[in-house]
Amino acid sequence: MAAYCAGPNVSLTAAFSCSLNKHKPWIETTYHGIVTENDDKVLLDPPLIALDKDAPLRYAESFEVTLTEEGEICGFRIHGQNVPFEAVVLDKSTGEGVIRAKDKLDCELQKEHTFTIQAYDCGEGPDGANMKKSHKATVHIQVNDINEYSPVFKEKSYKATVIEGKKYDSILKVEAVDADCSFQFSQICNYEIVTPDVPFTVDKDGKALRLAASSGLSALYLLFTCVQSTLVSPLRSPFLQGFNKRIEYEPGTGSLALFPSMHLETCDEPITSIRASIELETNHIGKGCDRDTYSEKSLHKLCGASSGTVELLPAPSSSANWTVGLPTDNGHDSDQVFEFNGTQAIKVPDGTVSTNLKEPFTISVWMRHGPGAHEKETILCNSDKTDMNRHHYSLYVHNCRLIFLLRQDPSEAENYKPAEFHWKLDQVCDKEWHHYVLNVEFPTVSMFVDGTVFEPFLVTEDYPLHPSKIETQLTIGACWQGKRRRLSCVTKPVTCANARMAQFFRGNLAGLIIRSGKLENKKVIDCLYTCKEGLDVQLPEEVASAVKVEFNPNQSSLTVEGDDIDAFDKVMQHISYLNSRQFPTPGIRHLRISTTVKCFNEEACVSVPDAEGYVMVLQPEEPKISLSGIDHFARSAAEFESQEGVTLFPELRIVSTITREVEADAESEAAEGADDDPTVQETVVSEEIMHNLDTCEVTVVGDELDGEHESLEVDISQLQQRALEMSSSNLGLVITGVNTMANYEQVLHLIRYKNWHTEALFDRKFKLVCSELNGRYISNDFKVEVNVIHTASPVEHANNAMVQPNFINPVHHASVDLSGHNLVNAHQASVVPSAATIVIVVCVSFLVFMIILGVFRIRAAHQRTMRDQENGKENEMDWDDSALTITVNPMETYEDQHSSEEEEEEEEESEDGEEEDDITSAESESSEDEEGGEPEDQQGASRQQQLEWDDSTLTY
């Protein structure tokens, strides 16, 4: 027995290997994990599970095929250098696995680890060629600290000398440090003097305070601990009263007072000034604080930079896919952050950026970079693509200095010109997020860091580049090194270096853009850097002059300084937290208050303990974006081929709703008091809200668009009026820009589909998806199917009677190849009448039949009435009552005749009942009026004639 899979005469055993293992395993794209120093098991979110659609295979030494259970995963592989973790499969059938540490981890050496992981199935043959691997997923693991180190004094001994009889507020200060990596275990919480019966005490900050007279002091021995209750001072000290450690902030509620009931308790100490510093810690939120997570290009537009902006690190999409291979951190509410580990870089497609170095331009980027090696680390580089190794312009980090290289094009004057601009900044290597803006207007280059301008401390000069026709390559994360043309390449080709990447960057980048032709002004730069959350204070008028308040640039900290305690308390009570985002990033923001009190001698006479707490930003109600409208319709082929085309979304509706749980009112609770069901406590309501959208993407379902005979179009002028942009490809089109849902509705109504060759096209399907905040909230998939109605074209003829019907007229068309569509034969499409034509013919025929039936019934009723009248007259003429006196009961004749007529009508109605079932109520009423109107009057006249008395022969 043989099977044919990859080639002829393949045995059955081998046939299984090429037909069963078709699918790759699947895992998540990003994992976040936590591991403790003294533990090896990593807690992952989401759990490590690999899925496989195949029934995997196993091969024994005899090359026999053994079928295993469906979905088996054989293992996981970790990629990276010196990764101290391993991945183990727990259950091959379910694909469940765990990540664990291979050796003991040390938080003090490295707090975080990042690597990639890959799953592979069990379809491995003897040569390993049939094994399938999943995509590579990025794993971020944080090492939690344990309290393993004891505090150590910075000095081995502390000495001080005092004068007998003199009182001292402070004699000396001691300080200890802890080597633990976390703030929790490295903080020195308290100091305690362990020598008994000494006239000194020490406070929690390490200040030794004299309580009684002493003749001298040679040494002071102290013991410190993190149990704050161990030191009980007999002195009363000032402190901040009325401070809540946990403060909850509900999104969309505006400003929230942080210390509404706080006041400083001075214990009647005479003071001259008070200074308090309030710090809000937001470094762990997004890129330093909560900001809108729109694309960087959209943010520039919102801030006023309306033209010339090119985004070099966009979110991967059908129209911008060069960032697909970069690892990202997808755990921060769609804030697109790209990671570079020193081995990765990307090429920007040719034509994306067209920068004329003779004109002004701007480079803007978010960067987080720590201390690294002494090698160059390239952020952005434009260099020769082939043959040469010249850098035209680049931005790179070297020894914690930020350097911008700009080589001028050849000119008539071959003189030295500024070429390298150096900035020595602490922000470059502090492992924190910072915003850098480079304004280039040669020969002047200015650098803005977090909104503050810095001039270069060093500028070096160089000759302009030599003229050449070599194209350039723009790269991110490294610099492209083209081949260098040397004499040795002819004699010794092996020594010629191949084109490659060099000078790799290590750190995080986001929002890298180039804006050609214009410089960013200070207003736009401040707008890009400004946080959407921070501290705020509304000073009361009565204390505005008595207290001085100062903020830092991003409003994450402020200082309050004054000499009036009451005014100080009022200002502190008016300090608030504000987050202006409609959907803020949830989580904790730590809060700390440090207070210094001075006495009359202008020294810090008393110490106020620091107050620590946090603001908990609650999870916002997530909106549900719903797209609705007509999802299936048909249009004639002529409309597809017309200049206007066919509108795809004529009645599209975009609605966003949120679901809330509302507590039942008192009356309903009272009514339900007798009910034992405890679940009826809250009512779920859905309400419509308004917010912006930033992307709507229309994609083709099925085969890609063929640009030779079909296209998707939209009015560009309408997009420009709404500050929107459109990019298209053979997959569809993407509309981007931050705007209202109503404006997106109007633009989507204008999208048209055209097809110039519809002879063999039966239908086309499209899908629409809209999103907000760079993909944080995504709508449903709205799918539209549009059918093509084919109608036969009429043929002109001198005598219409001689023209053959179109459905039997043979017409020959050239065959059209449109693979992937629902096609009918071109010949059949031209000779067979369409479904719409058949429906119209049937409807007209039915209408004619109903009209004929109605006329026939009216005529039959009229004839029956005439016969009744003639019969009545004949009855009157048959009687000769000239000599007779006859007494007639008139009612008997009327009842007999009426009953006979009703029987005849009932028989006729029963016979015609089946034929009249399809007649509408309106037709029934009109037919009854026509049948019963005139005959009823004629029957009445006949009965009247029958009931008249002929008394001409009677004698009175």
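Parameters and conventions
Residues numbered from 1 in each chain as written. Predicted model: local features only at pLDDT ≥ 70, side-chain atom pairs only at ≥ 80, totals over all residues. Heavy atoms only, no water. UniProt positions renumbered as here; feature names shortened; annotations may be inferred. Pairing = 2+ DSSP bridges. Helix = DSSP H or I, 4+ residues; strand = E, 2+ residues; numbered from the N terminus. Disulfide = S-S within 2.5 Å. Buried < 20%, exposed > 50% of the residue type's maximum accessible area, 1.4 Å probe, protein only. Core = buried A, V, L, I, M, F, W, Y, C linked by side-chain atoms within 4.5 Å. Domains from an automatic or database assignment. Contact = heavy atoms within 4.5 Å. Phe/Tyr/Trp six-rings, centres within 6.5 Å; stacked < 30°, edge-to-face > 60°. 1 Å grid on protein atoms, 1.4 Å probe; cavity = no way out; pocket = protein on both sides within 12 Å on 5 of 7 lines; lining within 4 Å. Points joined across faces, edges and corners; volume = space filled by probe spheres on them.

The name given to the chain in an unreviewed UniProt entry is Calsyntenin-1, with the source organism recorded as Salarias fasciatus. What UniProt states about the chain under its Sequence similarities (unreviewed entry) heading is, verbatim, "Belongs to the calsyntenin family."

How do you make sense of the sheet that holds strand E28 (residues 377-384) when you look at a structure like this?
Working definition: the strands of a sheet are paired by backbone hydrogen bonds and lie parallel or antiparallel to each other. Spatially, the seven strands line up as an open sheet ordered E26-E36-E28-E29-E30-E31-E35, and their pairing is antiparallel. Whereas interior strands pair on both sides, the edge strands pair on one side only; in this sheet they are strand E26 (346-347) and strand E35 (458-462). Here strand E30 (residues 401-406) pairs with strand E31 (residues 417-424) via five bridges, running antiparallel. Each residue of the ladder has a partner; that of Phe404, found in E31, is Phe421.

Help me understand the state of the cysteines in this model?
Two cysteines joined by a covalent bond between their sulfur atoms form a disulfide. Enumeration according to the criterion identifies six disulfides in this entry. Two residues share a disulfide in this structure: Cys289 and Cys531, whose sulfurs sit 1.9 Å from each other. The disulfide joining Cys289 to Cys531 has a torsion of about -95° about its S-S bond and is therefore left-handed. Linking Cys289 in the loop between strand E23 (273-281) and helix H3 (296-302) with Cys531 in the loop between helix H5 (522-529) and strand E40 (533-537), this pair joins segments that are 242 residues apart in sequence. Judged by its relative accessible area of 2%, Cys289 is buried. Each sulfur in the disulfide pair Cys400 and Cys429 lies 2.1 Å from the other. As the torsion about the S-S bond is roughly -115°, the Cys400-Cys429 disulfide counts as left-handed. Here the residue Cys400 occupies a position in the loop between strand E29 (391-398) and E30, and Cys429 occupies one in the loop between E31 and strand E32 (433-441), the gap between them amounting to 29 residues. Residue Cys429 is classed as buried on the basis of its relative accessible area, which comes to 12%.

Got a minute to help me understand the nonpolar core in this structure?
In this structure, Phe649, Ile654, Leu712, Ile735, Leu748, Ile751 and Leu768 are the most contacted members of the largest nonpolar core, which totals 47 residues. Counting the residues that make up this core, at least three belong to each of domain 3 (296-484 + 499-529) and domain 4 (623-660 + 684-789). Here Leu768 is in contact with Leu627, Phe649, Leu652, Cys696, Glu697, Val698, Leu748, Asn780, Asp781 and Phe782, once residues within four sequence places are set aside. By size, the runner-up hydrophobic cluster in this structure holds 39 residues, among which are Met367, Leu406, Leu438 and Val445.

Looking at this structure, I do not really get the packing of aromatic side chains. What am I missing?
Each aromatic ring pair is specified by the distance between its two centres and by the angle formed by the two planes. The tally for this structure, following the rule as stated, stands at eleven aromatic pairs. With centroids separated by 5.0 Å and ring planes inclined at 90°, the aromatic side chains of Tyr249 and Tyr577 adopt a geometry described as edge-to-face. On the criterion of sequence distance, the pair formed by Tyr249 in strand E20 (residues 246-249) and Tyr577 in strand E43 (residues 575-579) is long-range, its members being 328 residues apart. Summarising the burial analysis for this pair, Tyr249 and Tyr577 share the class buried. On the basis of an interplanar angle of 75° and a centroid distance of 6.2 Å, the ring pair of Phe340 and Phe505 is categorised as edge-to-face. Of the two residues, Phe340 sits in strand E25 (residues 338-341) while Phe505 sits in the loop between strand E38 (500-502) and strand E39 (506-516), which places them 165 residues apart along the sequence. What makes Phe340 buried here is its relative accessible area of 3%. Look at Phe505 and you get buried, because its relative accessible area is 0%. Among the aromatic residues, those joined into a cluster by ring pairs are Phe640, Tyr753 and Phe766.

Mind showing me how you'd approach empty space enclosed by the protein here?
Over the atoms, a rolling probe the size of a water molecule traces out where space has been left empty. What the rule picks out here adds up to two cavities of 30 Å³ or more. Its boundaries defined by the atoms lining it, the largest cavity holds a volume of some 130 Å³. What lines the largest cavity is a set of 16 residues, and nearest its centre among them are Tyr294, Ser295, Glu296, Gln336 and Asn774. Breaking the lining of the largest cavity down by element, the ones donating at least two residues are H3 and E39.

Looking at this structure, how should I read unusual backbone geometry?
Generally, phi is negative for residues other than glycine and the peptide bonds are trans, each holding for most cases. That bond from Asp45 to Pro46 is cis: its omega, -5°, falls within 30 degrees of zero. With respect to the helices and strands, the residue Pro46 is situated in the loop between strand E4 (43-45) and strand E5 (48-49). Look at the link from Phe442 to Pro443: it is a cis peptide, with omega at 10°. Mapping Pro443 onto the fold places it in the loop between E32 and strand E33 (444-449). Of note, Asn399 is a non-glycine position whose phi angle comes to about 55°, a positive value. Mapped onto the elements of the fold, Asn399 is located in the loop between E29 and E30. Owing to a relative accessible area of 39%, Asn399 belongs among the partly exposed residues under this scheme.

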